[in-house]
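Close look at the chain arrangement
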Amino acid sequence: MTIEYRLDQHRTLTTDLPGPRSAALAARRERVVAAGVSSGQPFYVQDADGGILVDVDGNAFIDLGSGIAVTSVGASAPAVVEGVREQVGHFTHTCFMVAPYEGYVAVCEALVEVSPGDHAQKAVLFNSGAEAVENAVKIARIATGRSAVVAFDHGYHGRTNLTMALTAKNAPYKGGDGTTFGPFAPEVYRAPMSYPFREENPQITGHEAAERAIRMMQSQLGGRNVAAIVIEPVQGEGGFIVPAPGFLPRLAEYAREQGIVFIADEVQTGFCRTGAWFAAEHEGIVPDLITVAKGMAGGLPLAGVVGRAELLDAVHGGGLGGTYGGNPVACAAALGAIATMRQEDLSGRARRIEEIVRPRLEALAAQTGVIGDVRGRGAMLAMEFVRPGTREPDAEIVQGIIAGCRSQGVVILSAGTYGNVIRLLPPLVIGEDLLLEAMDVLEAVVRDAAG
Ligand code: PMP
């Protein structure tokens, strides 16, 4: 590993949490920031690099969240910082729809190069994951002339109107306690997912689970009326659910048979996170369209849709775009991030992180009895917490573990339809010593919580 860190890669807590400066910021926030935006951590960040987040009071935390799978190359990766500095010194914006520039083209070239398959591909850029998903659906509808879209149980695709409709979980995304953000976009249908840990019949194969979803589509919609199937190859917010082997290939095959556009939402799984450029590769799938965001641009807002050229080109000129989509500064960041992924073999790093972390989580599950399932791929690993001896979700213990880790200087995130999953998303550039230290803390906190 050749990455040099700018910040000292050490965990240090020097104040109570939140410290006085964070507390002062929280008071300012309380007055002006909408209550609907909540933060998992009470401290305010001043600096971040490698596997470390430093708060305004000088506390240094080990980051096992990467800002929700974004800062895979670190939060201030040298190639990203350099690319951004260079670009902002020249121009920050022209709007690609007004006066185009090379960075946009270069990012699309990179997307076409790293996405699976050797068929003709093209790409288009946006600002956020949700916007990428919205546009993948727009493309599929124009290309097929159909309107129905199928998403899955436990799926998460964003917070805009169409992506809320595609998202499975109600609170907090689609509404609150007795309140709703609806009405939601029409022509969205939900199919059953393959969720090995929670199957009524634990023996069900991936192929059989796919047939179950296909039966639903055939009987309720008719395959020939479906424009797109939208699925995360490993579900992110849903709790790092890895479908049983064979599930995704059978769905992709069905989509091909019926002329349905198969959209892999790789916003969370893409760009080395699972140990490959894209998670679809683990099952040898070539999606028709892939949505990307998060990890691709080292923290700057950038998203895209990449896939079959004939689908991307089915849309009339002017039918896709947006003021900021493919902003030149974000493109420069993406080119730096992608170069870093290549140079540092971050897919290999993700696989190495799995080698280190997975056995420790499995041992913890065997020893404590509060973890029903350990799963994930690469540097996207999770534990699903249950009441001992049952599959009953335990969200409470998860909140306690997050707080326990924080008080010892480790940042982790929850996930899951039932809020009972702890997910680990370390920056792929985290040093091994720091990762091992974070695992020691996490293990001790889980053991303590398990009693
Ligand atoms: N799709 C997936 C799979 C995601 O994980 C997310 C974000 N968590 C989104 C879409 C939405 O991305 P954004 O928050 O950038 O709109």
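Residues numbered from 1 in each chain as written. Predicted model: local features only at pLDDT ≥ 70, side-chain atom pairs only at ≥ 80, totals over all residues. Heavy atoms only, no water.

The next subject is the domain arrangement of the protein chain. Domain annotation for the protein chain reports domain 1 (20–63 + 347–450) and domain 2 (81–343). Taking only C-alpha atoms, the centre of domain 1 and the centre of domain 2 are 26 Å apart. Contact residues are listed per partner, giving 30 residues for domain 1 and 26 residues for domain 2. Taken together, both faces of the contact between domain 1 and domain 2 bury some 2300 Å²; the carbon and sulfur share is 55%. Counting the surface domain 1 buries against domain 2, the share from its top three residues, R377, M380 and R391, is 34%. In this assembly, domain 1 and domain 2 are joined by two salt bridges. R423 is the partner of E237 in a salt bridge, and the nearest nitrogen-oxygen pair spans 2.9 Å. Across the contact surface, domain 1 and domain 2 share 15 residue pairs in polar contact (both at pLDDT 80 or more). Those elements that place two or more of their residues in the side of domain 1 that touches domain 2 are α11 (346–368), β11 (371–377), β12 (380–385) and β15 (421–424). For the side of domain 1 that touches domain 2, the element with the most residues is β11, which contributes five residues. (Domains from an automatic or database assignment. Contact = heavy atoms within 4.5 Å. Buried area = accessible area lost by both parts, 1.4 Å probe. Salt bridge = Lys/Arg side-chain N within 4 Å of Asp/Glu carboxyl O. Polar contact = N/O pair within 3.5 Å; in protein donor to acceptor, adjacent residues only side chain to side chain. Helix = DSSP H or I, 4+ residues; strand = E, 2+ residues; numbered from the N terminus.)

A two-sided burial pattern is seen for strand β2 (residues 52–55), the buried positions comprising I52 and V54 on one face and L53 and D55 on the other. Here strand β1 (residues 45–49) pairs with β2 via four bridges, running antiparallel. Each residue of the ladder has a partner; that of D47, found in β2, is V54. Here β1 folds back onto β2 in antiparallel fashion, the turn holding two residues, of which G50 has a positive phi close to 60°. By the bridge criterion, three bridges tie β2 to strand β3 (residues 60–63) in an arrangement that is antiparallel. Its bridge partner being in β3, V54 is matched across the sheet by A60. Where β2 hands over to β3, the hairpin turn is made up of four residues, of which G58 adopts a positive phi near 90°. (Buried < 20%, exposed > 50% of the residue type's maximum accessible area, 1.4 Å probe, protein only. Pairing = 2+ DSSP bridges.)

We now examine the layout of surface pockets. Of the pockets and cavities examined, the second largest pocket occupies roughly 350 Å³. Residue lining of the second largest pocket: 18 residues in total, with Y104, A123, V124, L312 and L320 positioned closest to the centre. It is strand β4 (residues 121–126) that provides the largest number of residues to the lining of the second largest pocket, a total of four residues. Partitioned by chemical class, the residues of the lining of the second largest pocket number nine nonpolar, seven polar and two charged. (1 Å grid on protein atoms, 1.4 Å probe; cavity = no way out; pocket = protein on both sides within 12 Å on 5 of 7 lines; lining within 4 Å. Points joined across faces, edges and corners; volume = space filled by probe spheres on them. Nonpolar A, V, L, I, M, F, W, Y, C, P; charged D, E, K, R; others polar.)

Glycine aside, negative phi is the norm for most residues, and most peptide bonds take the trans geometry. The omega torsion across L17 and P18 is -10°, close enough to zero to call that bond cis. Its place among the elements puts P18 in the segment before α1 (20–32). Across the junction of G182 and P183, the peptide omega takes the value 10°, indicating a cis bond. Counting through the fold element by element, P183 comes out in the loop between α6 (161–166) and β6 (188–191). Phi is positive for H154, close to 70°, though the residue is something other than glycine.

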